[in-house]
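Working through the structure, step by step
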Amino acid sequence: MPARTHSRPHPAPSGGGVDIRLRWWALALPTLAFVMLFALILNPSQAHAASGDPAITQLLERVQQLLAR
């Protein structure tokens, strides 16, 4: 009994490129991040440093002192 050969599917039409659609957030999130960083550059008084634990600050200062030797 001879085996059937499968014909190749029709090749995709070469219409000059691939049609890719981005999700809305793939463009919105980088744009939002850029706008937020740009706003911080324009008005740095709105950027507040996080208040850390004094023990962690002292530890980091001690490590920095040891590395500076």
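Residues numbered from 1 in each chain as written. Predicted model: local features only at pLDDT ≥ 70, side-chain atom pairs only at ≥ 80, totals over all residues. Heavy atoms only, no water.

1. Re the overall build of the protein chain
Helix and strand counts for the protein chain come out as two helices and zero strands. For the protein chain, the exposed surface amounts to about 7,600 Å²; the carbon and sulfur share of it is 64%. (Helix = DSSP H or I, 4+ residues; strand = E, 2+ residues; numbered from the N terminus. Areas by Shrake-Rupley, 256 points an atom, 1.4 Å probe, with all protein chains shown as cover.)

2. Here's the deal with a nonpolar patch on the surface
On the surface, a cluster of nonpolar side chains totalling about 630 Å² of accessible area is made up of W24, W25, L29, L32 and M36. Within the element layout of this structure, L29 appears in helix α1 (residues 24–42). Judged by its relative accessible area of 51%, L29 is exposed. (Patch = residues over 30% accessible without salt bridge, like charges linked within 9 Å, V, L, I, M, F, W, Y side chains within 5 Å. Salt bridge = Lys/Arg side-chain N within 4 Å of Asp/Glu carboxyl O. Buried < 20%, exposed > 50% of the residue type's maximum accessible area, 1.4 Å probe, protein only.)

Geometry only, nothing functional implied.
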